[in-house]
Amino acid sequence: MRFFTKKLSSGSERVGSMTGFLKTPSAVVETPTAALLTQGGSVVHLTADVLSRVFSDSKLLWVPLSNSAHLENGLKAQGKGVAQFAGLQEHFTCVTFQNMNEVTPSGHFEVDKVPLWTKHGKKMISADRYMDLMEVFKPDIILAIADSRMSLEEGYKRIAKSVDRTTKMLNTCVERYKVSKELQNSCLVGVVVGCAQSRKLEESLQHFLRHKDILGGVALSGLTDGTEESNDVPIDKLEAIFEKVSNALPKDILHVVEGCWNPAVILTAISYGWDVFDGSYAVKLSNLGHALILNFDVTRDMKSSYLLDLNDECYKDQFVPILESCECLACEKHTRAYIRHLLNTREMLASVLLSIHNLYHFDQMFYHARQHILTNTFEVYKKHIIKQYESYRSLKLEMDIAETEPDHSLQVKKKSKLVEEVTNNNYKVNCNNI
Amino acid sequence: MALTFSVQAECGVTRARAGLMTLPHYDVKTPVFMPVGTQGTMKGLLPEQLEDLDCEIILGNTYHLGNRPGTDVLKKVGGLHKFMAWNRALLTDSGGFQMVSLLKLAEITEEGVKFKSPYDGSEIMLTPEKSIEIQNCIGADIIMQLDDVVQTTFQDNDRIKEATERTSRWLDRCLKAHSRPLEQSIFPIVQGLLNSELRRQSAEEHMRKNVNGFAIGGLSGGEAKDDFWPMVSLGTEVLDTRRPRYLMGVGVAVDLVVCVALGVDMFDCVYPTRTARFGCALVKKGQLNLKQKQYETDLTPIDKDCSCSTCKTYTRAYIHCIVSVETVACHLISVHNIAFQMHLMRTMRENIINGTFVQFVKNFMSEVFPNYNYPTWIINSLKSVGINLCENYCSF
Ligand SMILES: [Zn+2]
Ligand SMILES: [Zn+2]
């Protein structure tokens, strides 16, 4: 895999492309982009057949070992790597240790091992074992194993340990990578941790730079432990880290951010030159019954367009698509009312349709980001999207307050007014969009 | 006309026939298997996937749809076709069977089926009129009369007689209540359980009614196969050949082959999709339980001769890894299992048209039972329509 940055605009944001994949040399993945999160090697809720109806081009797949380690024996027997085994050979894979979309128990470390929390229980994994697995999974991109699951609130001792452990493990990964025949065509990405303590972060960066000739990319981790609270970091705090790490490293390598980050965080990271995101946010929304409905048109000011909670009864007779202007398979044929019915009856098609929409729409958010970078208007686009996120967030806070209203009828009234504000506003504006 | 049925070819030996059933939403080629999409969806598959699988008609359950999304929503949207974005044909059951099988406390009187709502505990009465009213609202191409359901293995002859006769009386009430006869066809249900006199009487009474097709009900409920097939045979013998015959609740491959030979045109069953949920894939000889360790490194598809998207793309080894963990596994097996059913029906149809149906049945049975250890019910049922399986066997 090779990575080229194509356009550096007036800011630090950039458009790039990943190319030179072994199986499909002509395919290109444009960045900034979100990978598609997989479980057991498959894009969550979507078969290869359905995925091909959603995207006609090759995508980057995010393959966490925590939900795919059990493919090992089958992969060994087959010998062609995880993309082929999962029926997704036209796509590219980035294998990672963990899935930041999940919350896992904390602790349980050993000197040279980190715990992998799988459906079949906890497994302690060393860097050597990790690289053994990589030779079986044969990904296009390998995120080096790291001890990185922690929030920015984490204490000094734990952070120091995580930097030490990550440093040691990266050394092993690099040594193994250098001599591995199987991984010659894979790109090794080093993980930077220690974000909450500037001295430790500095240490992690220095160590990364020692291997800079071998490493094809950097992944920023150690920003969250995966919990809701820990993901809800003030954006300026993250912004400082995105900037600092980006500035400390070579520009020509792939910049990856791990974690289930909302669009506001993602666009902020893009503005500091970060290229690849793990895409788990779209999956999280689908699993909650939510649909993302961002407005990408910067000439339209829209306050409360962000997401719909399709579990809400108010959608039961809304026979309109999730988003009128969306061209995804779900919006082309199906209505909010139908998806609400599928959620209400716990039918599997709800997750399928929501995944189709959310993955498509999330992908569109990156498409528009690339377009704006190319035309030097990214700053406007970033502000436009962040505004939508923030007005949704304050609306949601109001709703949570309404939830605590002791007078039930008043609570229902307040809530329905807010819901109405979201749904009607959207629908009207989105109609105008066509 | 809400339904026209034309027989395109007959087997000549057995009662099997290939037909074309023209419905308001689609032309359905028979014999046909109708997958069951209970709540307005087929186990996670998109409508376009069902079309690619050649599904021409699918089932919805009135009882479930009447509760959720409910008739208000269905009325507003203009029926189930629009609600679920399915442009081909639909069939709905009457809701009675679900009520009796799901709800232990159902009480059946001449007026209808009385039961406690599982949603709010209130008492609800499902009458023949109410069932048709809901089905008119759902808007399926074919709808079912409400019948008086008795468990198949039930023994009390007085009760069976009452149920059979009541079913006929309820048919009249259903036909009278039907408000969309130009768009929807009511099928009467032949009852009588395992009592051939009552069954004959039921079928003969239905024959006199102005209806476009018939269903054979009250079977496939745990009775012995030796008791099952004569009742099917009696049904297709009495019911006229100009109208389609639908055997309710049958979907296992050998049963389908036998019953097509007996002259049945339509089938439905939850079996292919239900079994997919448990990780079982249908193959000619039965099922593969993909959870089993033996598939861990098996790099062949579920069925090397199957052309479904699952078999073209995935190995048994991969599905084994994700079965019962990822929803994708369930979708993949559902696709294959529906493809398997559709392929079997299409093959039978082609053989009927080509005049090779008898040979097809013999080959099929010898593949399923390679040692010629045919169950007696299969030997007897096929013999009754002129296929002698033992002849094949003796020539070896
Ligand atoms: Zn959409
Ligand atoms: Zn197949």
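Residues numbered from 1 in each chain as written. Chains lettered and ligands numbered in written order. Predicted model: local features only at pLDDT ≥ 70, side-chain atom pairs only at ≥ 80, totals over all residues. Heavy atoms only, no water.

Re the overall build of chain B
Check the secondary structure of chain B and you find 16 helices and 17 strands. Computed over the C-alpha atoms, the radius of gyration of chain B is 21 Å, within 12% of the 21 Å expected from 2.2 N^0.38 for a compact globule of 396 residues. With the C-alpha coordinates aligned to their principal axes, the bounding extent of chain B is approximately 55 × 45 × 40 Å. The buried share among the 396 residues of chain B stands at 61%. At a minimum sequence separation of 6, the contacts of chain B that also span at least 24 residues come to 66%. Accessible surface, chain B as shown: approximately 15,300 Å² in total, 49% of it carbon and sulfur. Of the side-chain charges in chain B, 41 are positive and 44 negative, and the distance between the mean point of each set is 1 Å. (Helix = DSSP H or I, 4+ residues; strand = E, 2+ residues; numbered from the N terminus. Rg over C-alpha atoms; globule rule 2.2 N^0.38 Å. Buried < 20%, exposed > 50% of the residue type's maximum accessible area, 1.4 Å probe, protein only. Contact = heavy atoms within 4.5 Å. Areas by Shrake-Rupley, 256 points an atom, 1.4 Å probe, with all protein chains shown as cover. Lys, Arg positive; Asp, Glu negative; His and termini not counted. Charge placed at Lys NZ, Arg CZ, Asp CG, Glu CD.)

A few points about the coordination of the zinc ion (ligand 2)
Residue and element names in this part refer to chain B. For the zinc ion (ligand 2), the full set of protein donor atoms is Cys306 (SG), Cys308 (SG), Cys311 (SG) and His336 (ND1), at a range of 2.1 to 2.3 Å. Bound by four donor atoms, the zinc ion (ligand 2) shows angles of 98 to 122° at the metal and therefore tetrahedral coordination geometry. Between consecutive donors of the zinc ion (ligand 2), the numbers of intervening residues give the motif C-x1-C-x2-C-x24-H. Cys311 shares its class with Cys306; the two are buried. (Donors = N, O, S within 2.8 Å, 3.2 Å for Na, K, Ca; no water. Tetrahedral: all angles 85-135°; square planar, octahedral: opposite > 155°, others 65-115°.)

Points about the domain arrangement of chain B
Residues and elements named next belong to chain B. Domain annotation of chain B identifies domain 1 (4–269) and domain 2 (277–391). Taking only C-alpha atoms into account, the centre of domain 1 sits 25 Å from that of domain 2. Listed as interface residues are 41 residues of domain 1 and, on the opposing side, 34 residues of domain 2. Between domain 1 and domain 2 lies a buried interface of about 3,100 Å² when both sides are counted; carbon and sulfur atoms form 78% of it. Of all residues in domain 1, the largest losses of buried area upon contact with domain 2 belong to Leu53, Trp229 and Val257, amounting jointly to 19% of the total for that side. The interface formed by domain 1 and domain 2 contains one salt bridge. Every element with two or more residues in the side of domain 1 that touches domain 2 is listed here: strand E1 (4–10), strand E2 (17–22), strand E3 (27–30), strand E4 (32–35), helix H1 (47–52), helix H8 (225–238) and helix H9 (253–261). By residue number, the principal contributor to the side of domain 1 that touches domain 2 is H9, which donates eight residues. (Domains from an automatic or database assignment. Buried area = accessible area lost by both parts, 1.4 Å probe. Salt bridge = Lys/Arg side-chain N within 4 Å of Asp/Glu carboxyl O.)

Here's the deal with the coordination of the zinc ion (ligand 1)
Around the zinc ion (ligand 1), the protein contributes the donor atoms Cys326 of chain A (SG), Cys328 of chain A (SG), Cys331 of chain A (SG) and His357 of chain A (ND1), at 2.1 to 2.3 Å from the metal centre. Given four donor atoms and angles of 100 to 118° at the metal, the environment of the zinc ion (ligand 1) is assigned as tetrahedral.

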